[in-house]
Amino acid sequence: YGELVGVCYDTIENYMAIRWNQKIVLHSSVESPDELFMRVSGFYDDILPNLEGKNILIVAHSGIARMSYFYKQGRPTGGDYTNFEIKNSHVLKIDN
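The residue count restarts for each chain, going from 1 along the sequence in the order it is written. Restriction of local features to residues with pLDDT of at least 70 applies here, the model being predicted, together with a cutoff of 80 or more for giving and counting side-chain atom pairs; totals for whole chains, interfaces and linings are based on all residues. Side-chain numbers come from the whole structure's heavy atoms, not from hydrogens or water.

Draft legend 1. Looking closely at the pattern of salt bridges. Definition used for salt bridges: Asp or Glu carboxyl oxygen within 4 Å of a side-chain nitrogen of Lys or Arg. Throughout the structure, instances matching the rule amount to one salt bridge. Its salt-bridge partner being Asp34, residue Arg75 comes within 3.5 Å of it at the nearest N-O pair. Separated by 41 residues along the polypeptide, Arg75 in the segment after α3 (62-73) and Asp34 in helix α2 (residues 33-47) bring together distant segments of the chain. The class of Arg75 is partly exposed, set by a relative accessible area of 39%. Under the DSSP-based scheme used, a helix requires at least four consecutive residues in state H or I and a strand at least two consecutive residues in state E, with every element numbered from the N terminus. To sort residues, take the accessible area from a 1.4 Å probe on protein chains only and compare it with the maximum for the residue type: under 20% means buried, over 50% means exposed, and anything in between is partly exposed.

Following this line, the structure appears as structure tokens:
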């Protein structure tokens, strides 16, 4: 979602320094944490009504897992998404 898609991490390291704090503008073409939250929320709003009472497995990177957590727990005040951390390859269970 922007001109940095597919660019190696070393190239974008400066943009990622404070990546989960909405108050910091990292790069004009990089999807902001709030934009990512809205995209993930839209996904869940679309699929969850049809999956009532079912277990689902979503495999995603930690950014999507972070936004999934905030979808269930509520959006952080002030756009600061730094108060939740999940490492890649870890399991996040969210009860519906």
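Draft legend 2. Region of the structure containing the packing of α2 against α3. Closest axis-to-axis distance for the α2/α3 pair is 9 Å, and the angle between their directions is 70°. Taken together, the axis directions place α2 and α3 in an arrangement best described as roughly perpendicular. In this structure, the crossing between α2 and α3 has a hand that is right-handed. On α3, the residues that touch Pro33, Leu36, Phe37, Val40, Ser41, Tyr44 and Asp45 of α2 are Gly63, Ile64, Met67, Ser68, Phe70 and Tyr71. Tallied by class, the residues present in the contact of α2 with α3 amount to nine nonpolar, three polar and one charged. For helices, the fitted axis covers only the stretch in contact; all axes are lines through C-alpha atoms, and the angles between them, taken along N-to-C directions, range from 0 to 180 degrees. To sort the angles, those under 35 degrees are grouped as roughly parallel, those over 145 as roughly antiparallel, those from 65 to 115 as roughly perpendicular, and the leftovers as oblique. Handedness of a helix crossing follows the sense of rotation of the near helix relative to the far helix, less than a right angle counterclockwise being left-handed and clockwise being right-handed. Contact criterion: two residues are considered in contact whenever any of their non-hydrogen atoms come within 4.5 Å of each other. By the convention adopted, Pro, Cys, Tyr, Trp, Phe, Met, Ile, Leu, Val and Ala count as nonpolar, Lys, Arg, Asp and Glu as charged, and the other residues, Gly among them, as polar.

Draft legend 3. Representation of the environment of Ser41 in the model. In this fold, Ser41 is placed in helix α2. You can call Ser41 buried: its relative accessible area is 8%. Remark: the alpha-carbon pair of Ser41 and Ser68, spanning 27 residues in sequence, is separated by 7.7 Å.

Draft legend 4. View of the nonpolar core. Membership of the largest hydrophobic core is limited to twelve residues, which are Leu36, Phe37, Val40, Tyr44, Leu48, Ile64, Ala65, Met67, Phe70, Tyr81, Phe84 and Ile86. Looking at this core, the elements that each hand over two or more residues are α2 and α3. With near-sequence residues (within four places) excluded, Phe70 lies in contact with Phe37, Arg75, Pro76, Tyr81, Asn83 and Phe84. We define a nonpolar core as any set of buried Ala, Val, Leu, Ile, Met, Phe, Trp, Tyr and Cys residues linked to one another through side-chain atoms lying within 4.5 Å.

Draft legend 5. Region of the structure containing the confidence of the model for the chain. Confidence in the prediction for the chain averages 79 pLDDT; 71% of positions are at 70 or higher. Confidence of the predictor at the level of single residues is given by pLDDT, which spans 0 to 100. Considering each helix and strand of the chain separately, the mean pLDDT is smallest for helix α1 (residues 9-16), with a value of 61, and largest for α2, with 93.

Draft legend 6. Inspection of α2 at higher detail. The terminal C-alpha atoms of α2, which comprises 15 residues, lie 21 Å apart, in line with the 21 Å expected from a rise of 1.5 Å per residue. Looking at the buried positions of α2, the neighbouring elements they touch are α3. Given the number of residues in a helix, its expected span is that number minus one, multiplied by 1.5 Å.

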